[in-house]
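Examining the three-dimensional arrangement
What follows is the residue order along each chain.
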Amino acid sequence: MSFQPHKTVAVVVEQPDWLRDTSDSAPRFLFVEESADGRVVLNQPAGHLEADETLQQAAVREALEETAWRVELTAFIGLYQYVAPANGECYIRSCFAARAVHHHSERALDADIIRTHWLTLPELTERESQLRSPLVARVVEDYLGGACYPLTLVSSW
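We now turn to the structure provided with this report. Because the structure is predicted, anything quoted here is derived from the model rather than measured. (Residues numbered from 1 in each chain as written. Predicted model: local features only at pLDDT ≥ 70, side-chain atom pairs only at ≥ 80, totals over all residues. Heavy atoms only, no water.)

**Overview of the side chain of Glu66**
Relative to the elements of secondary structure, Glu66 occurs in helix α1 (residues 55-67). Buried charged residue Glu66 carries no salt bridge. Nearest counter-charge: Arg132, at 6.5 Å. Within the local environment of Glu66, its side chain forms a polar contact with the backbone nitrogen of Ala46, the two atoms lying 3.1 Å apart. Those residues in contact with Glu66, other than ones at most four positions away along the chain, are Val32, Glu34, Gln44, Pro45, Ala46, Leu109, Asp110, Ile113 and Thr116. (Helix = DSSP H or I, 4+ residues; strand = E, 2+ residues; numbered from the N terminus. Buried < 20%, exposed > 50% of the residue type's maximum accessible area, 1.4 Å probe, protein only. Lys, Arg positive; Asp, Glu negative; His and termini not counted. Salt bridge = Lys/Arg side-chain N within 4 Å of Asp/Glu carboxyl O. Polar contact = N/O pair within 3.5 Å; in protein donor to acceptor, adjacent residues only side chain to side chain. Contact = heavy atoms within 4.5 Å.)

This is the structure in structure tokens:
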């Protein structure tokens, strides 16, 4: 039997100043509320790498499909390995930071997406039981801790 891990991407998008309530000093991040395996969960805009695309292209595509936000990648946060306890599947997740460029409000979201949210890290951790995986909070913590590496760290050809 061959081992086939799932190769996924995720994007951490901090709410831009032009969209923020100036009385709120805590950074807010873009999350999707989605239906997965019969549960309603919270996740970053994320999904699987498709054939003939780079990790960066997959990250930008997933953000647009799941949130209707066109984003521009700004940094590589890290590479994460996670084994889901429910099914034993292994996921290798490449996480990127991005800035929100334009919201396409007329665009339909992927069918499994219920809505999007801008949440602070404390708001997210209050909903820990809803997280798709522990990686959802971990990657935001890493981002806030300064884990932002040049995009050139990820090469494709």
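Still to come is the rest of the account.
**Here we look at the layout of surface pockets**
What the largest pocket holds in volume is close to 680 Å³. Asp37, Tyr82, Tyr91, Arg132 and Ser133 are, among the 28 residues lining the largest pocket, the residues nearest its centre. Looking at the lining of the largest pocket, the elements that each hand over two or more residues are β1 (6-14), β2 (29-36), β3 (39-43), β4 (46-48), α1, β6 (90-103) and α3 (135-144). For the lining of the largest pocket, the per-class residue count stands at 13 nonpolar, six polar and nine charged. (1 Å grid on protein atoms, 1.4 Å probe; cavity = no way out; pocket = protein on both sides within 12 Å on 5 of 7 lines; lining within 4 Å. Points joined across faces, edges and corners; volume = space filled by probe spheres on them. Nonpolar A, V, L, I, M, F, W, Y, C, P; charged D, E, K, R; others polar.)

**Brief notes about the nonpolar core**
In this structure, Phe31, Ile77, Leu124 and Val139 are the most contacted members of the largest nonpolar core, which totals 24 residues. When contributions to this core are tallied by element, the ones reaching two or more residues are β1, β2, β5 (69-83), β6, α2 (121-126) and α3. When residues no more than four places from it in sequence are discounted, the contact partners of Ile77 are Val12, Cys95, Phe96, Ala97, Val139, Asp142, Tyr143, Ala147 and Tyr149. Formed by 17 residues, the second largest nonpolar core is a distinct cluster that contains Val9, Ala58, Ala98 and Val154. (Core = buried A, V, L, I, M, F, W, Y, C linked by side-chain atoms within 4.5 Å.)

**Topic: the environment of Gly88**
With respect to the helices and strands, Gly88 occurs in the loop between β5 and β6. A relative accessible area of 48% means that Gly88 is categorised as partly exposed. Taking the C-alpha atoms as reference points, Gly88 and Glu106, 18 residues apart in sequence, are found 38 Å from one another.

**A short note on α1**
For α1, spanning 13 residues, the distance from its first C-alpha to its last is 18 Å, which sits close to the expected 18 Å at 1.5 Å a residue. Considering only its buried residues, α1 is in contact with β1, β2, β4, β5, β6 and β7 (113-119). Once α1 finishes, Ala68 follows within two positions and takes phi at roughly 70°, a positive value. (Expected span 1.5 Å × (residues − 1).)

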